[in-house]
Amino acid sequence: MRTINEKQITEAIVKLAIDANYFLPYDVVAAIKNFAKKETNKKAKNGLYKIIENYKKAKQGVYPLCQDTGIAVVFVEIGNNIHIEGDIYKAINKGIETGYKEGVLRKSTANPITRKNLQTNTPAIVHMEFVNGSKLKISLMTKGAGAENKSIVKMLTPGDGIEGVIELVLDTIKKAGASACPPYIIGVGIGGNLETAPLLAKKALLRNVNDNNKNKELAELEQILLKKVNDLKIGAFGFGGNTTAIAVKIESAPCHIASLPVAVNVQCHSARHKTICI
């Protein structure tokens with residue numbers, strides 16, 4: 001059995017916090033370049049190339065990708081052959097606090113009632129999962145409020161069916177308009193219950209934007225939704241055109257026979273996340 005201590009986890013989180021805010025995942029960059037080549041609206045095309053320019057500037061390590069450096073969402077997969085020496089939650093939060101300080105990143109975590117900024121960007125939102133193996137996999141997403149505020153969860157009924165899911169996604173993006181910084185990556189969680197659907201939608205945002213869903217029906221639905229979203233003509237930064245979203249990703253889980261929970265988690269083009277294995 002492998003032993004991993006607090007210090008190792010903290011050091012990994014510090015690096016993740018800084019790198020996630022300065023380096024846009026290349027699959028996202030490549031997708032934006034691809035959509036920019038095909039975009040016919042001149043203002044939208046220019047906006048897409050400005051995103052690439054911003055990516056190159058941030059990559060130099062002087063400025064983060066966005067002034068909203070987000071709330072820290074951490075997904076942890078713990079192998080069953082690992083022993084964690086110490087407090088993993090303490091290690092994660094120390095890493096977030098240190099990373100945001102060293103990276104000169106904006107602290108955005110506040111008391112929900114008094115609105116007083118806690119000045120540490122902690123506590124992080126941590127999701128734990130136990131898996132087979134002897135590795136510790138940590139994925140950090142720094143989620144900004146602009147897109148998060150346009151996200152939604154709704155308890156549909158089985159009678160609403162796929163048409164209801166499509167309608168909810170489109171209605172959510174219509175209401176978001178240009179205010180959440182399109183082009184978007186849209187995470188959709190279908191099934192489970194009230195708390196499961198949003199988590200599925202959030203996890204969907206960690207997927208490579210170019211992958212195909214392993215489930216044939218969901219893969220087809222992802223493409224249908226992407227086309228319908230882009231047909232809304234909101235476009236990059238609201239300039240119109242064919243690039244309201246660069247990807248729609250769906251994750252699902254079994255649900256009660258009398259319910260159909262659906263969550264839509266909107267992600268702006270600055271899709272900041274990074275994964276490391278210890």
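Anything mentioned here points back to the structure above.
No experiment lies behind these values; they were computed from the predicted model shown.

(A) Just the pairing of strand S7 (residues 184–192), in detail. For S7, a buried count of nine out of nine residues is recorded, marking the element as mostly surrounded by other parts of the structure. Two strands pair when backbone bridges link them, and S7 and strand S8 (residues 245–255) are joined in this way by nine bridges, in the parallel orientation. The partner of Gly 191 across the bridge, within S8, is Ala 253. Relative to strand S9 (residues 260–267), S7 runs antiparallel, the two sharing six bridges. Bridging across to S9, Val 188 finds its partner in Val 264.

(B) Broad picture of the nonpolar core. Membership of the largest hydrophobic core comes to 28 residues, with the highest contact counts inside it found for Tyr 184, Ile 186, Val 188 and Ile 250. Sorting the residues of this core by element identifies helix H6 (161–176), S7, helix H8 (216–230), S8 and S9 as the ones contributing at least two each. Top element by residues in this core is H6. It accounts for seven residues. Dropping the residues within four chain positions of it, Tyr 184 is found in contact with Ile 173, Ala 176, Gly 177, Ala 178, Ser 179, Thr 244, Ala 245, Ile 246, Ala 247, Val 266, Gln 267 and Cys 268.

(C) Quick look at the sheet that holds strand S5 (residues 136–143). Read from one edge of the open sheet, four strands run S4-S2-S5-S10, paired in mixed fashion. Because the sheet does not close on itself, it has two edges, and the strands there are strand S4 (125–131) and strand S10 (273–277). Neighbour-to-neighbour, the strand axes of this sheet turn through a mean angle of 15°, independent of strand direction. Of the pairings in the sheet, the one linking strand S2 (residues 71–79) to S5 comprises eight bridges and is antiparallel in character. Bridge pairing links Phe 75 to Ser 139 in S5. The strands touched by helix H7 (residues 196–204) within the sheet are S2, S4 and S5, with S2 carrying the most contacts at an inclination of about 90°.

(D) Inspection of H6 at higher detail. With 16 residues, H6 should cover 22 Å at 1.5 Å per step; its first-to-last C-alpha distance of 23 Å lies within 8% of that length. When H6 is considered as a whole, its buried residues turn out to be Gly 161, Gly 164, Val 165, Ile 166, Leu 168, Val 169, Leu 170, Thr 172, Ile 173 and Ala 176. Buried residues along H6 sit in contact with strand S6 (152–156), S7, H8 and S9. The first or second residue beyond H6 is Gly 177, which carries a positive phi of 55°.

(E) Focus on the packing of helix H2 (residues 26–38) against helix H3 (residues 42–59). The contact between H2 and H3 brings their axes to 9 Å, and the two run at 155°. Comparing their axes, H3 and H2 come out roughly antiparallel. Handedness of the H2/H3 crossing: left-handed. Of the residues in H3, those touching H2 at Tyr 26, Val 29, Ile 32, Lys 33, Phe 35, Ala 36 and Lys 37 are Lys 45, Leu 48, Tyr 49, Ile 51, Ile 52 and Tyr 55. Taken together, the residues of the contact of H2 with H3 sort by class into ten nonpolar, no polar and three charged.

(F) Fine view of a nonpolar patch on the surface. Taken together, the side chains of Val 153, Met 155 and Leu 194 make up a nonpolar region of the molecular surface, amounting to roughly 260 Å² of accessible area. Summarising the element assignment, Met 155 is placed in strand S6. In this structure Met 155 comes out as partly exposed when scored by relative accessible area, which is 41%.

(G) Main features of unusual backbone geometry. A cis amide bond links Thr 122 with the next residue in sequence, Pro 123, at an omega value of 5°. Checked against the element boundaries, Pro 123 lands in the loop between helix H4 (88–102) and S4. Pro 183 follows Pro 182 through a cis peptide bond whose omega is 15°. If you trace the backbone, Pro 183 turns up in the loop between H6 and S7. Even without glycine at this site, Arg 115 takes up a positive phi of about 65°. As for its position among the elements, Arg 115 is in the loop between H4 and S4. Its identity is not glycine, yet Gln 119 carries a phi of approximately 65°, on the positive side. For Gln 119, the location among the structural elements is in the loop between H4 and S4.

(H) Highlighting the pattern of salt bridges. Using the criterion set out here, one finds twelve salt bridges in the structure. Of the charged contacts in the structure, one is a salt bridge between Glu 148 and Lys 143, with a shortest N-O distance of 2.8 Å. Among the residues examined, Glu 148 registers a relative accessible area of 30% and is labelled partly exposed. A relative accessible area of 3% means that Lys 143 is categorised as buried.

About the criteria used
Residues numbered from 1 in each chain as written. Predicted model: local features only at pLDDT ≥ 70, side-chain atom pairs only at ≥ 80, totals over all residues. Heavy atoms only, no water. Buried < 20%, exposed > 50% of the residue type's maximum accessible area, 1.4 Å probe, protein only. Helix = DSSP H or I, 4+ residues; strand = E, 2+ residues; numbered from the N terminus. Pairing = 2+ DSSP bridges. Core = buried A, V, L, I, M, F, W, Y, C linked by side-chain atoms within 4.5 Å. Contact = heavy atoms within 4.5 Å. Axes fitted to C-alpha atoms, helices over the stretch in contact; angles between N-to-C directions. Expected span 1.5 Å × (residues − 1). Parallel < 35°, antiparallel > 145°, perpendicular 65-115°, else oblique. Left-handed = near helix turned anticlockwise from the far one by under 90°. Nonpolar A, V, L, I, M, F, W, Y, C, P; charged D, E, K, R; others polar. Patch = residues over 30% accessible without salt bridge, like charges linked within 9 Å, V, L, I, M, F, W, Y side chains within 5 Å. Areas by Shrake-Rupley, 256 points an atom, 1.4 Å probe, with all protein chains shown as cover. Salt bridge = Lys/Arg side-chain N within 4 Å of Asp/Glu carboxyl O.

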